[in-house]
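Read off the chains here:
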There are 2 protein chains.
Amino acid sequence: MMKNLLAQRANPDVTSALSGLFPTDTHPDAISFAAGSPRESLFPVKEMQRAFHDAIDQQGAHLFQYQTAQGNPELRAKLAARIGKWGQVVTTADNVVLTVGGQQAIELVAKALLDPGDEVAVEVPTYVGALAAFDLYQPTYHAVGLQADGLDLDQLEETLRQHPGIKLLYTVPDYHNPTGITMSVAKRRQLVDLANRYDFVILEDSPYRDLGYVQSPLPAIKSFDTQGRVVFVSSMSKILMPALRTGWLVADGDLLAAIMKVRFGSDLETTGVTHAAINVFMEENDLDAHVNVLKNHYREQCAAMVAALQADFPDEVDFTTPQGGFFDWVTLPAGIDTGKLLANQIIPQAHVSYVPGTNFYPNRDSHNGLRLCFTGMTPDEIAVGMKRLGDQVKAAVRETRPVF
Amino acid sequence: MMKNLLAQRANPDVTSALSGLFPTDTHPDAISFAAGSPRESLFPVKEMQRAFHDAIDQQGAHLFQYQTAQGNPELRAKLAARIGKWGQVVTTADNVVLTVGGQQAIELVAKALLDPGDEVAVEVPTYVGALAAFDLYQPTYHAVGLQADGLDLDQLEETLRQHPGIKLLYTVPDYHNPTGITMSVAKRRQLVDLANRYDFVILEDSPYRDLGYVQSPLPAIKSFDTQGRVVFVSSMSKILMPALRTGWLVADGDLLAAIMKVRFGSDLETTGVTHAAINVFMEENDLDAHVNVLKNHYREQCAAMVAALQADFPDEVDFTTPQGGFFDWVTLPAGIDTGKLLANQIIPQAHVSYVPGTNFYPNRDSHNGLRLCFTGMTPDEIAVGMKRLGDQVKAAVRETRPVF
């Protein structure tokens, strides 16, 4: 009834990238590799409880008053130092903005840059939440492929030559969502060169950069930025806890000013109490030590999943071998639609779930990929679930083989 | 350098409604009636500290995991019951969405409804934050005047006749920001009739409704809604504490679906930890009793400001007499620009500040009003500040009088 009053971006006939993303399966034996959630049993609950208590003790009533649009200055200083140490980004607290998770940071960048029809380049597959944020501002998408060492820069340059109006490139360089791929240092440097030459902004979304299971974090793309055209985004959701809803971005100059300008009208400021608690948590605890605990667990879970992919899946299936992060990407033979397969066979028969790949493509034009998340379960649970999934995939692949 | 890449909404040459809104004055004797902040000394700090502790004890790690896009179901149920009791709105937890303050709720409604150029009616003067949110979606504004009993409905209907494409009307019916005016019950009912006849959405923004110093809260406009075309918005910022950043909205049907659709891409969900703490706070404490404490203080502060306006201000000045909320609105003679007066004379000479009225008008075309907030200071401080302000206003008014 009210549909004629809605904005085009809210048109109910256009499927939202995120709605219905996570299949539900209430069977008692259900095993989910779908949601990209960190493992709850590793959350530092008591430490964070104490941090809330101590932050309130330290600051009293003032902690609960309106604060600043950029967010808690002490936490911003710590995050600036942290990305300096681990990402070689030379920056200051004044360049850091606290946001509602990394998601709001992505949305604010889109809001600051995109008029309807503006051109955006994204690697494919890519993070669905970024597509959901960009979709709000009705861009024209250009898809650029991924290679084992990250974004295909030759393809990107060809795309830029054909579409010199491209304003924004979105990339997840570290332990990419959904594929687990990491961009090489050489490519990071070359990407900034391309941005300088073709005059576009790079949105570097890096929530998983601390969670490498083989090597230390690489220099951020932002570390090669000399013209203030890279916005770096990260989050506490994966290395601490999601419900703190604390992400952050690093930006400079005109871009920072534009982001702050659109931020006022969006929500004024974010949750001062939780920012203060995170700041106290980082004073009372060693965040890097906590991250090492996470890495020791996730490394085993990642290895269990890769082992199962090797042992239990048919030869026709390709998969990535991530060196960090949360995800594995699996490619089935071209004729198989992983969404239909999940709904019609795998959930009803095996009670295992994943995220079908279609939603990770801006034009929803690829259907045979799927994302697996290995962080939610123990290695034993992963082995059980992957065996069940592998058997289903084998059956599906068998049906695609020629009879003679 | 990067300006050519920005979206129109982020154009740095267009003044943002909220930036520079609050004058700064670091003089030791400075008294500010500018920011609309609640009084910190009344915050229930120990009770909220305990609520955070107990919420974490009760739910443990799960409290910190990704939750739901609409927010904590128990808190939503309590808010639905609360607006039922105090605003006669019959609704359910399923119709409530938790947001980053009331500000995000306003922004989500704008995002769900407005394409560039769409027509929006606002009462003038109106809340600057709402203008900042609407500005992001580049609407065409229609200004409708206020009367002592709220929006001028005759003027609104005339505007609707001339501009039948108006999609959205924004109003603050209870203890209006910035004027303190309250809309009569009869007008609330008539406004819904107009919305039904002229097919528009009403955004009812009511963060002050609990803070009436004379009477109980009136039925919400939403209580007269039979077609799902009113979105009710409120917040915990004014009755509890701002840094919890917890607002909420009530919506139905297509509108609710559209709001949730644009919400996913905006920030996924808001801060689960603070929602749980507020929920526990409302179980461990009597929120209505706390609101009564606030009202007893603010009532005296409001009376002190009105008394000072009567005693210390010249006859040429008009002002409202609020029966609740945070604000008084003062109208100086037409020739006086309250922004220039503040910057050039009042702050340098008297160290008192207010918010100049211009920013409360979507077309920035009225300059002789000003907003005073009485909640931040004691009655004695109010008396001192208002005497200083009144002397300055007298001097300014004297200059506008004809010499002969």
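First, a word on what this report is: a plain description of the structure on this page. These figures come from a predicted structure and were not determined experimentally.

### Comments concerning the overall build of chain A
Moving on, step 1. Secondary structure summary: chain A contains 11 helices and 14 strands in total.
Moving on, step 2. In terms of overall size, chain A behaves like a compact globule, its C-alpha atoms giving a radius of gyration of 21 Å where 404 residues would be expected to give roughly 22 Å.
Moving on, step 3. Projected onto its principal axes, the C-alpha coordinates of chain A cover approximately 70 × 55 × 50 Å.
Moving on, step 4. Relative to its 404 residues, chain A shows a buried fraction of 65%.
Moving on, step 5. Surface exposure of chain A reaches about 14,000 Å², of which carbon and sulfur atoms provide 50%.

### A few points about the nonpolar core
Soluble globular proteins tend to pack their nonpolar side chains together in the buried interior.
Moving on, step 1. Among the nonpolar cores identified, the biggest contains 148 residues, and A:Phe64 and B:Phe64 are the most heavily contacted of them.
Moving on, step 2. In contact with B:Phe64, not counting residues within four places along its chain, are A:Phe43, A:Val45, A:Met48, A:Phe52, A:Met241, A:Pro242, A:Ala243, A:Leu244, B:Ile56 and B:Val273.

### Focus: helix α7 (residues 253-267) of chain A
Residue and element names in this part refer to chain A.
Moving on, step 1. Its 15 residues give α7 an end-to-end C-alpha distance of 22 Å, which sits within 8% of 21 Å, the value for a rise of 1.5 Å per residue.
Moving on, step 2. Across the 15 residues that make up α7, a large majority, 11, are buried.
Moving on, step 3. Among all positions of α7, only Leu-255, Leu-256, Ala-258, Ile-259, Met-260, Lys-261, Val-262, Arg-263, Gly-265, Ser-266 and Asp-267 are buried.
Moving on, step 4. Phi turns positive, to about 65°, at Leu-268, one or two residues after α7.

### A closer look at helix α6 (residues 185-198) of chain A
Residues and elements named next belong to chain A.
Moving on, step 1. With 14 residues, α6 ought to run about 20 Å at 1.5 Å a step, and its terminal C-alpha atoms sit 20 Å apart, in line with that.
Moving on, step 2. All buried positions along α6 are accounted for by Lys-187, Arg-188, Leu-191, Val-192, Leu-194, Ala-195 and Tyr-198. Buried residues of α6 fall within an arc of 155° about the axis and therefore sit on the same side.
Moving on, step 3. Buried residues along α6 sit in contact with β4 (140-147), β5 (150-151), α5 (153-162), β6 (168-171), β7 (201-205) and β8 (230-235).
Moving on, step 4. Phi turns positive, to about 55°, at Asp-199, one or two residues after α6.

### Points about the pattern of salt bridges
All names here are of chain A.
Moving on, step 1. Counted by the stated rule, this structure contains 44 salt bridges over all chains.
Moving on, step 2. Residue Asp-288 is joined to Lys-85 by a salt bridge in which the shortest nitrogen-to-oxygen separation is 3.6 Å. Residue Asp-288 is found in helix α9 (residues 287-312), and its partner Lys-85 is found in helix α2 (residues 73-87); the two are separated by 203 residues along the sequence.
Moving on, step 3. Take Lys-85: its relative accessible area is 55%, and that puts it in the exposed class.
Moving on, step 4. With a closest N to O distance of 3.1 Å, Glu-157 and Arg-197 form a salt bridge. Taken together, the residues Glu-157 in helix α5 and Arg-197 in helix α6 connect sequence positions 40 residues apart.
Moving on, step 5. In this structure Glu-157 comes out as buried when scored by relative accessible area, which is 17%.
Moving on, step 6. Overall, the relative accessible area of 55% leaves Arg-197 in the exposed class.
Moving on, step 7. Residues joined in a network through salt bridges with shared partners are Arg-82, Lys-85, Asp-210 and Asp-288.

### With respect to the relation of the copies chain B and chain A
Moving on, step 1. Once chain B is rotated about the relating axis by 180° and shifted along it by 0.0 Å, it coincides with chain A to within an RMSD of 0.0 Å. With respect to symmetry, the two chain copies, as superposed, fit the operation of a two-fold axis.
Moving on, step 2. Interface residue correspondence from chain B to chain A reaches 99%, placing this contact among same-surface, isologous pairings.

### Concerning the interface of chain B and chain A
Moving on, step 1. At the junction of the two partners, chain B supplies 83 residues and chain A supplies 82 residues.
Moving on, step 2. Between chain B and chain A, a total of about 6,800 Å² is buried, with carbon and sulfur atoms accounting for 61% of that surface.
Moving on, step 3. Applying the counting rule to chain B against chain A returns four salt bridges.
Moving on, step 4. Put simply, A:Asp57 and B:Lys46 hold a salt bridge, and the shortest N to O gap is 3.4 Å.
Moving on, step 5. In this structure, the connection of chain B to chain A is made through 44 residue pairs in polar contact (both at pLDDT 80 or more).
Moving on, step 6. Every element with two or more residues in the side of chain B that touches chain A is listed here: α1 (45-59), α3 (101-113), α4 (128-135), α7 (253-267) and α8 (272-284) of chain B.
Moving on, step 7. Broken down by element, the residue count for the side of chain B that touches chain A peaks at nine residues, all from α7(B).
Moving on, step 8. Partitioned by chemical class, the residues of the side of chain B that touches chain A number 40 nonpolar, 26 polar and 17 charged.

### Details of the packing of α3(B) against α4(B)
All names here are of chain B.
Moving on, step 1. With their axes 9 Å apart at the nearest point, α3 and α4 run at an angle of 35° to one another. Crossing geometry of α3 relative to α4 is assigned as right-handed. Along the contact surface, α3 presents Gln-103, Ile-106, Glu-107 and Ala-110, while α4 presents Gly-129, Ala-130, Ala-133 and Phe-134.
Moving on, step 2. Here the residues of the contact of α3 with α4 sort into five nonpolar, two polar and one charged.

### So, the packing of aromatic side chains
Between two aromatic rings, the relevant description is the distance of the centres plus the angle of the planes.
Residues and elements named next belong to chain B.
Moving on, step 1. Within this structure, the stated rule accounts for 18 aromatic pairs over all chains.
Moving on, step 2. Taking 5.3 Å as the distance between ring centres and 55° as the angle between the ring planes, the aromatic pair formed by Tyr-208 and Phe-326 counts as tilted. Pair noted here: Tyr-208 is in the loop between β7 (201-205) and β8 (230-235) and Phe-326 is in the loop between β10 (318-319) and β11 (327-331), with a separation of 118 residues, a long-range link.
Moving on, step 3. Judged by its relative accessible area of 3%, Tyr-208 is buried.
Moving on, step 4. Seen in terms of ring centroids, Trp-329 and Tyr-361 are 6.5 Å apart; in terms of plane orientation they differ by 50°. Their pairing is tilted. Highlighted residues: Trp-329 in strand β11 and Tyr-361 in the loop between β13 (355-356) and β14 (369-373), separated in sequence by 32 residues.
Moving on, step 5. On the basis of relative accessibility, which here comes to 6%, the residue Trp-329 falls in the buried class.

### As for the sheet that holds β8(A)
Residue and element names in this part refer to chain A.
Moving on, step 1. Reading across the sheet, the eight strands line up as β2-β9-β8-β7-β6-β3-β4-β5 and stay open at both edges, with mixed pairing between neighbours. The outermost strands of the open sheet, each flanked by one partner alone, are β2 (96-99) and β5.
Moving on, step 2. For β8 and strand β9 (residues 247-250), the ladder comprises four bridges, and the chain directions are antiparallel. In the strand pairing of β9, Phe-232 is matched with Val-250.

Cut-offs and rules
Residues numbered from 1 in each chain as written. Chains lettered and ligands numbered in written order. Predicted model: local features only at pLDDT ≥ 70, side-chain atom pairs only at ≥ 80, totals over all residues. Heavy atoms only, no water. Helix = DSSP H or I, 4+ residues; strand = E, 2+ residues; numbered from the N terminus. Rg over C-alpha atoms; globule rule 2.2 N^0.38 Å. Buried < 20%, exposed > 50% of the residue type's maximum accessible area, 1.4 Å probe, protein only. Areas by Shrake-Rupley, 256 points an atom, 1.4 Å probe, with all protein chains shown as cover. Core = buried A, V, L, I, M, F, W, Y, C linked by side-chain atoms within 4.5 Å. Contact = heavy atoms within 4.5 Å. Expected span 1.5 Å × (residues − 1). Arc of directions from axis to C-beta. Salt bridge = Lys/Arg side-chain N within 4 Å of Asp/Glu carboxyl O. Least-squares fit on C-alpha atoms with pLDDT ≥ 70 in both. Buried area = accessible area lost by both parts, 1.4 Å probe. Polar contact = N/O pair within 3.5 Å; in protein donor to acceptor, adjacent residues only side chain to side chain. Nonpolar A, V, L, I, M, F, W, Y, C, P; charged D, E, K, R; others polar. Axes fitted to C-alpha atoms, helices over the stretch in contact; angles between N-to-C directions. Left-handed = near helix turned anticlockwise from the far one by under 90°. Phe/Tyr/Trp six-rings, centres within 6.5 Å; stacked < 30°, edge-to-face > 60°. Pairing = 2+ DSSP bridges.

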